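So the chains spell out like this:
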Amino acid sequence: MSTGFFGDLTPARYEGPESDNPLAFRHYNPDETVLGKRLEDHLRFAVCYWHNFVWPGSDPFGGQTFERPWFGDTMEQAKLKADVAFEMFDLLRVPYFTFHDHDVRPEGETHTESVSRLDEMADYFAGKMENGGPKLLWGTANLFSNRRYMSGAATNPDPDVFAYAAATVKACMDVTRRLNGENYVLWGGREGYETLLNTDMGRELDQLGRFLNLVVEYKHKIGYEGTILLEPKPQEPTKHQYDYDVATVYGFLKRYGLENEVKVNIEQGHAILAGHSFEHELALAATLGIFGSIDMNRNDYQSGWDTDQFPNNVPEVAIAYYYVLQAGGFTTGGTNFDAKLRRQSLDPEDLIAAHVGAMDVCARGLKAAARMIEDRALEMPLEERYAGWKDAEAQAMLKGERTLEEIAERVSREGTDPHPRSGQQEKLENIVNKYV
Ligand code: XLS
Ligand code: NI
Ligand code: NI
């Protein structure tokens, strides 16, 4: 039986680019084949639970703007929320969703009660996920909202908080596995500091390293086959977050022996906060072999904080998917909309319009990226640019078969004087523009 929250809306359909229907897909046709694969299987869209069904519309200067019948802290309301959430997944025909423990169940009086409520909700979800219902892209634990985590979870000066967080992650991994979640995410919102004056950075990094090793050890112990993902972010809510960006995370993983165990979930807005472009983070993760999944939500370029807006810039999204495809596309990862409405967008229909639009933008972006790949539009100039390295002598230098003296000797013998060549940036930008 329907909750009636979405009135008489019917599932969003693909109607083609000319459609005027604001709740129809103009570019996202899940069954369209792109590079030999269905669009739905390329994009692997996921809707997040927290921004859509938990966030009340607050901002730093104001409280709740949304009025939702499930706001409250009873299990009954949690189930109503789940009913509405699954109705929305259905209306959008998204293949995946994502959630934190905290999003789906009211906190209990004790840890045990919180876990049993989570288990009860997982059972409730399992029923709705049967028979072609949406699947779980990833599960995660909220280790940042409760005041016990104000000084960090794994990096807390108090070992009891470390233990509480560890127990919470165990419960969330269990539930994720039970629901066949394809990944498990850790975003360290409080794993950082407000001031160095009260922070022992070396100790906190070691705590975080041990925590993540515990997670990986447990994953192997229970035979969980999903991917463990870290989500980098430079700051907010902390002044400094240890998982600053992809490069920092990679150094951290190396240091604690986890570079082959853990990958990254890269969020567009977090990349911008770190002073990078989204594609920089994607390309670097692919290069380092740790690319996992994406959170496809942008920031406002003027605001300087995580505004979590739905994507709406096709050229930006196209470049992002270009690097996702270059990395071989998603395996267990996908496109999660960690995005929220603006707080004035009060209507249930706004939730649908936001996602439909975002999915369309992503579909356009991915199709443009696929065409660039098919035409090898950027690949050929790149090959050409590095062609000199095919030369035997160049290869010998690269493979460590030449010493510094030998190279110097050859340069003076041959009188080599390199000729600068154009980087052709504008030409390449024009090529991209042709596709987007
Ligand atoms: C916050 C993060 C968070 C993670 C999941 O900025 O993006 O929402 O994706 O904990
Ligand atoms: Ni974020
Ligand atoms: Ni995120």
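The structure this text deals with has already been given above.
Residues numbered from 1 in each chain as written. Chains lettered and ligands numbered in written order. Predicted model: local features only at pLDDT ≥ 70, side-chain atom pairs only at ≥ 80, totals over all residues. Heavy atoms only, no water.

Participant: Give me the nonpolar core: which residues, what numbers.
Facilitator: Burial of nonpolar side chains together is a common tendency in soluble globular proteins. Membership of the largest hydrophobic core comes to 120 residues, with the highest contact counts inside it found for Tyr 49, Phe 99, Phe 125 and Tyr 321. Ranked by the residues each element gives to this core, the list is headed by helix α12 (residues 348-374), at 14 residues. When residues no more than four places from it in sequence are discounted, the contact partners of Phe 125 are Tyr 49, Ala 82, Phe 86, Phe 97, Phe 99, Val 104 and Leu 179. (Core = buried A, V, L, I, M, F, W, Y, C linked by side-chain atoms within 4.5 Å. Buried < 20%, exposed > 50% of the residue type's maximum accessible area, 1.4 Å probe, protein only. Helix = DSSP H or I, 4+ residues; strand = E, 2+ residues; numbered from the N terminus. Contact = heavy atoms within 4.5 Å.)

Participant: Requested: an account of the coordination of the nickel ion (ligand 3), with residues and values cited.
Facilitator: Every protein donor of the nickel ion (ligand 3) is listed here as Glu 231 (OE), Glu 267 (OE), Asp 295 (OD) and Asp 338 (OD), and their distances to the metal cover 2.0 to 2.2 Å. Seen from the nickel ion (ligand 3), its 6 donor atoms lie at angles of 78 to 175°, and the figure they make is octahedral. Between consecutive donor residues of the nickel ion (ligand 3), the sequence gaps follow E-x35-E-x27-D-x42-D. The metal-metal distance between the nickel ion (ligand 3) and the nickel ion (ligand 2) comes to 3.7 Å, with Glu 267 coordinating both. (Donors = N, O, S within 2.8 Å, 3.2 Å for Na, K, Ca; no water. Tetrahedral: all angles 85-135°; square planar, octahedral: opposite > 155°, others 65-115°.)

Participant: Hey, could you go over the packing of helix α10 (residues 278-288) against helix α11 (residues 314-326) for me, with residue numbers and the actual values?
Facilitator: One can describe the packing of α10 onto α11 by two numbers: an axis separation of 9 Å at closest approach and a directional angle of 0°. One element, α10, and the other, α11, form an angle in the roughly parallel class. Mapping the contact onto sequence places Phe 278, Glu 279, Leu 282 and Ala 283 in α10 and Ile 319, Ala 320, Tyr 323 and Val 324 in α11. For the contact of α10 with α11, the class distribution of residues is 7 nonpolar, no polar and 1 charged. (Axes fitted to C-alpha atoms, helices over the stretch in contact; angles between N-to-C directions. Parallel < 35°, antiparallel > 145°, perpendicular 65-115°, else oblique. Nonpolar A, V, L, I, M, F, W, Y, C, P; charged D, E, K, R; others polar.)

Participant: Describe the pattern of salt bridges, with residues and values.
Facilitator: This model, assessed by the stated rule, comprises 27 salt bridges. Counted as one network, the salt bridges with shared partners bring together Asp 31, Arg 38, Glu 40 and Asp 41. (Salt bridge = Lys/Arg side-chain N within 4 Å of Asp/Glu carboxyl O.)

Participant: Give me the lowdown on empty space enclosed by the protein, citing residues and values where you can.
Facilitator: With a probe scaled to a water molecule rolled over the atoms, the places where space remains empty come into view. Counted under the stated rule, the structure contains 4 cavities of 30 Å³ or more. Within this model, the largest cavity holds a volume of roughly 170 Å³. If you trace the largest cavity, you find 19 residues lining it, with Leu 186, Trp 187, Gly 188, Glu 191 and Leu 208 closest to the centre. When residues of the lining of the largest cavity are traced back to their parent elements, those giving at least two are β6 (183-186) and α7 (201-222). (1 Å grid on protein atoms, 1.4 Å probe; cavity = no way out; pocket = protein on both sides within 12 Å on 5 of 7 lines; lining within 4 Å. Points joined across faces, edges and corners; volume = space filled by probe spheres on them.)

All quantities given are derived from atomic positions and should not be read as evidence of function.
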